[in-house]
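Coordinate analysis (summary)
Spelled out from the first residue to the last, the chains are:
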Amino acid sequence: MAVLEVIGIKKTYTSRFGTNRVEALKSVSFRVESGEFVAIMGESGSGKTTLLNILAALDRPTGGTVVLDGLNLANIKESSIAQFRRDNLGFVFQDFNLLDTFTVEDNIYLPLVLSGTPYREMQDRLRPIAMRLGIPGVLKKYPYEISGGQKQRAAVARAMITDPKLILADEPTGALDSRSSDDLLRLFSEVNGLGQTILMVTHSVKAASVAKRVLFIKDGEVFHQLYRGENTNEQFYQRISDTLTMTATGGEVK
Amino acid sequence: MIYLKLAFDGIRKNKRLYLPYILTCSMMTAVTYIVDYLHYSKTITEMRGGSIIQEILVLGNFVMAFFSCLFIFYTNSFLIRRRKKEFGLYNILGMGKKNLALIAVCETAVTAAISVFAGIFVGILFSKFTELILLNIIDLGVSYSFSVSWSAVIDVSLIFAGIFLLTLINSVRQVGTSSAINLLKSENLGEKPPRANWLLGLAGLILIGAAYYIAVTIVSPLDAIMAFFIAVLMVIAGTYMTMISGSVMICRLLQKLKRYYYRPNHFVSVSSMAFRMKRNGAGLASICILSTMVLVMISSTSTLYFGEEKALSVRYPREINSEIIMQNIDGLDYETLTPLKEIIDGFSKDMGASVENVVDYRMVSAAGLLFDDGTVDTDAGAYRTASDFGGVVKRLYQFYFVPLEDYNRVCKKSETLGGGEAMAFGINRDITQSELSFIDGSDLKIVKTLDAFPITGDMTVDLTPAIVLVVKDLKEAVGGLAGLANYIGDSRINPTWIYGFDTGLDPERQFELTGKLWEKLASLDKDAYMIYSRSLSGREDSRREFLELYGGLFFLGIILSATFIFAAVLIIYYKQLSEGYEDCSRFGIMKKVGMTDADIRKSINSQLLTVFFLPLGFAAMHLGFAFPLVKKLMTLFNLQDVSFYGVVTAVCLLVFALMYVLVYRITSHLYYDIVRGGKEL
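I will try to describe carefully the structure that is included in this document.

The rules behind the values
Residues numbered from 1 in each chain as written. Chains lettered and ligands numbered in written order. Predicted model: local features only at pLDDT ≥ 70, side-chain atom pairs only at ≥ 80, totals over all residues. Heavy atoms only, no water. Helix = DSSP H or I, 4+ residues; strand = E, 2+ residues; numbered from the N terminus. Buried < 20%, exposed > 50% of the residue type's maximum accessible area, 1.4 Å probe, protein only. Contact = heavy atoms within 4.5 Å. 1 Å grid on protein atoms, 1.4 Å probe; cavity = no way out; pocket = protein on both sides within 12 Å on 5 of 7 lines; lining within 4 Å. Points joined across faces, edges and corners; volume = space filled by probe spheres on them. Nonpolar A, V, L, I, M, F, W, Y, C, P; charged D, E, K, R; others polar. Domains from an automatic or database assignment. Buried area = accessible area lost by both parts, 1.4 Å probe. Salt bridge = Lys/Arg side-chain N within 4 Å of Asp/Glu carboxyl O. Polar contact = N/O pair within 3.5 Å; in protein donor to acceptor, adjacent residues only side chain to side chain. Phe/Tyr/Trp six-rings, centres within 6.5 Å; stacked < 30°, edge-to-face > 60°. Core = buried A, V, L, I, M, F, W, Y, C linked by side-chain atoms within 4.5 Å. Axes fitted to C-alpha atoms, helices over the stretch in contact; angles between N-to-C directions. Parallel < 35°, antiparallel > 145°, perpendicular 65-115°, else oblique.

It is worth spelling out the environment of A:Leu99 at this point. You can see A:Leu99 is positioned in the loop between strand S6 (89-92) and helix H3 (104-114). Its relative accessible area of 1% is what places A:Leu99 among the buried residues. In this structure the C-alpha to C-alpha distance between A:Leu99 and A:Pro143, which are 44 residues apart in sequence, comes to 7.3 Å. Beyond its immediate sequence surroundings of up to four residues, A:Leu99 is in contact with A:Asn107, A:Leu110, A:Pro143, B:Arg586, B:Ile589 and B:Met590.

Now the structure itself:
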């Protein structure tokens, strides 16, 4: 069953006086099945972030439809979009986006508190997640008292605690050193192994190589995709890397 | 030159911060100029009581300068915080600390120049205007000439140059002591989560409590002056301590209440308040103190001004009032007084006055120390070298002996008394003794305590406690005291004849009569009439003096209140502005996590409401407890009408609260706009 269905998404930015039109996304279509781990790759300016913003319902497309769990995003009222986002999507950002006014624990609770979940239930939900992510020791600390890797794990915990249909990750390893990156990516595979659907936007080959499928975007279009199949991470890494080289040198794929 | 350009650029790029800052500084300059201008104003010097007002204005000037200094420092700290980042960038790009200091110098010079010029310009424009208002409040005609007071211009320029120099030193110090990286990060550097400081919070509460206790238990108006200053200092210190650490304490407690804390609209506001309460607390305390000052000032000065008629009729019960002290107690016999009375009546009638509504009674006043057992020693001078002088002063009472005959006549009563008996009325303090025993005088048994006595004239301005004793026979009650002298050789008792009447004349002729009658009294042969000293006061005469004094106070109250309100509004504005910028990214994150605009608005409202109405609530509480104290102080100004003061205070509080709500609405919009501006991913 498809968790996410993207059909012919278009996004055109117009400058203030309508003199300049930039097509960020021309026509993007793809499906994400339940339990998949999809990476979207592309260079800067290829429209990755625009796509993610549209999927997150933070921005509206100029054309095309996004269907999340059978629901057309265009049909959701502006007023209930935040609620929808809270209930169905989890976010992991490059710069963590933890609030420095809250302890780690309270940061993780934030989406649940907004939904009015009782404290007892929040505690019950947090315990297993914190154990899995290895952060029980830092729950009472403030974000600036912990390391980057711990911050990102806290952010993952925040994304997971609502038990979302889909986790959207925007360059999750972008601000991490290589060891923390490896840890995080392993974590993502594990979480995915438990059935969590993940969509990750990245330009890191290493990050993409842990996904089950990689979509390549260029000039506002999906121009290629790779399935992991039976490949190991290293083999998949090589294939992704080759594809990127070919794209860059202008060679034909396949 | 490059520095000047950079300075100008910096100011232009940070308009949103600099504009209100420059506005603040120019307003402060303008108000200080106006107060200073009035202090130098010839028009005011020339009017009656003008010198008193100008003396008060010197005080006002001092307060203004002090307050401007504090306040400009406070607002400047916001600027430094935001400018540090830019300085850090320049530093990394290769500018040394010296160059940065030069930019800071240029920037301060530019803002100072603009502020002081604009301020003095506005001040000059408005100074004549305020002078007209003042004279109008005081009820005098004025010349409409326009003038600039160069002495005031120089004063104000010097004061503000000094203040700006101080802010400059402060910014240079801050930039100089931090590294480039720290400068760059300074804006994002969150404050450490505050640990609740129980000791400080508790001490603050105790201070406030103690100040309240002083205010409520104060008995004599004379003590009130001293107590007022002590209580004010305690309340200021206590408020700062309580708001700074007490508010953190409360937030921490709220966070422990899981049920309360983990609600959508409390969660965000409580945590962000706890996080920056230390700074927030200082701002809140300032707002609270300013509000309290405004309320106390406005309510008391307007009560004085609008209660002036009432105070006048208390102090001067008749249009013409005379108090004549006789050489000895025999002077109070009617054989002596009747000729005097005829002279006054005859003279007044010749000038067209109808002598009516006469008040006419005799009394003997004496000062003495009252001991707990009822012993009274009228030889107070003997204690002047006592080691326990403070304790002696507290026992000092004024005694007024009034013959029963006069009391019954004036009060239209028909009381009877036996020899050695007295009816008593306490002024400023209740009577606890049941019997008074005057050394060298007589023993008086107090058979009745009077609920009221038509105290008039000088009795109303008594600062010490006093007791009126209505006795059967004056000479018998005063007894041996009559012949005794005090340590400087004066008589220990003052036999006084009080005589007053209404004239039925218009104010101008009353004024004239008072003057002429005084000349007549002064020309009388003292020994022939057994006069020791005499005083005469016309109500109309005094009304003019009252108006000038109270009008001046009222005016000063308005000017200072306006300034303080303005300062409070700016503090609020700055708070909202700086917190808005800080919260902008925070709410951006929350939106991504799934917070709706409605949620944000709700959380902002809950936060703003608490933060806004806490100081107002505190100010109202302070005002409530200051009430008895200020009331006592007001009696020094002849204002006995408590309910009138109560009404005025309530009205002031109401008006102030309305204005406060208005400011709240405007600034919360500003805050919301800033926060909403940051919605990009």
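So, next bit.
This part covers the layout of surface pockets. Residues and elements named next belong to chain B. Quantified by volume, the largest pocket comes out at close to 1,900 Å³. Going through the elements one at a time, helix H4 (50-92), helix H8 (198-217), helix H9 (221-256), helix H11 (264-306), helix H19 (539-593) and helix H20 (597-635) are the ones with two or more residues in the lining of the largest pocket. Here the lining of the largest pocket gets 11 residues from one element, more than from any other, and that element is H11. For the lining of the largest pocket, a count of residues per class yields 42 nonpolar, seven polar and no charged. The two domains that each donate at least three residues to the lining of the largest pocket are domain 1 (1-189) and domain 2 (192-318 + 540-681).

Turning to the interface of chain B and chain A, a few remarks are in order. Contact with chain B, which involves 25 residues of that partner, is made by 28 residues of chain A. Taken over both partners, the interface formed by chain B and chain A buries close to 2,500 Å², and the fraction arising from carbon and sulfur atoms is 67%. Counting the contacts that link chain B with chain A gives zero salt bridges. Taken together, the links from chain B to chain A amount to two residue pairs in polar contact (both at pLDDT 80 or more). Classifying every residue of the side of chain B that touches chain A by side-chain character gives 12 nonpolar, four polar and nine charged.

So, about empty space enclosed by the protein. Residue and element names in this part refer to chain B. Tallied over the entire structure, the rule returns nine cavities of 30 Å³ or more. Approximately 180 Å³ is the volume found for the largest cavity. Of all elements in the fold, only helix H2 (15-40), H4, helix H5 (97-138) and helix H6 (150-177) reach the threshold of two or more residues within the lining of the largest cavity. For the lining of the largest cavity, the element with the most residues is H4, which contributes six residues. A per-class count over the lining of the largest cavity returns seven nonpolar, five polar and three charged.

Residue and element names in this part refer to chain B. Tallied over the entire structure, the rule returns 26 aromatic pairs over all chains. Measuring from centroid to centroid gives 3.8 Å for Tyr212 and Phe625, while their planes differ by 10 degrees, and the two rings are stacked. In this pair, Tyr212 sits in helix H8 while Phe625 sits in helix H20, placing the two residues 413 residues apart along the sequence. On the accessibility criterion, Tyr212 (10% relative accessible area) is buried. Seen from their ring centres, Phe401 and Phe438 are 5.3 Å apart, and the 55 degrees between their planes marks the pair as tilted. Here Phe401 is found in strand S4 (residues 396-403), whereas its partner Phe438 is found in strand S6 (residues 435-438), with 37 residues between them in sequence.

By the criterion of burial, helix H2 (residues 81-88) of chain A is predominantly enclosed, with six of the eight residues buried. Along H2(A), the positions that sit buried rather than exposed are A:Ile81, A:Ala82, A:Phe84, A:Arg85, A:Arg86 and A:Asn88.

The next thing to look at is the nonpolar core. Formed by 145 residues in total, the largest nonpolar core has its most connected members in A:Leu110, A:Phe188, A:Ile240 and B:Phe587. Looking at which domains feed residues into this core, each of domain 1 (1-189) and domain 2 (192-318 + 540-681) of chain B supplies at least three. Not counting the four nearest positions on each side in its chain, A:Ile240 is found in contact with A:Met41, A:Val205, A:Ala208, A:Ser209, A:Val214, A:Phe216 and A:Leu226. In terms of nonpolar packing, the next biggest core, distinct from the first, is built from 42 residues, B:Met326, B:Ala477, B:Ile493 and B:Leu536 among them.

The next point concerns the packing of helix H17 (residues 507-523) of chain B against H19(B). Two measures define how a pair of helices packs: the angle their axes make with one another and the distance between the axes. Residues and elements named next belong to chain B. Two elements in contact, H17 and H19, have axes whose closest approach is 7 Å; the angle formed by their N-to-C orientations is 105 degrees. Between H17 and H19, the interaxial angle falls into the category roughly perpendicular. Between H17, through Pro507, Glu508, Gln510, Phe511 and Thr514, and H19, the contact on the second element is made entirely by Glu540, Asp541 and Arg544. By residue class, the composition of the contact of H17 with H19 is two nonpolar, two polar and four charged.

What follows is about the environment of B:Glu319. Residues and elements named next belong to chain B. Here Glu319 shows up in the loop between helix H12 (308-315) and strand S1 (320-326). By relative accessible area, Glu319 is classed as buried at 16%. For Glu319 and Ser542, which are 223 residues apart along the polypeptide, the C-alpha to C-alpha distance reads 9.9 Å. The residues contacting Glu319, other than those within four sequence positions of it, are Phe501, Asp502, Thr503, Gly504, Leu505, Gln510, Ser537, Gly538 and Arg539. Among the polar contacts listed, one links the side chain of Glu319 to the side chain of Thr503, at a separation of 2.6 Å.

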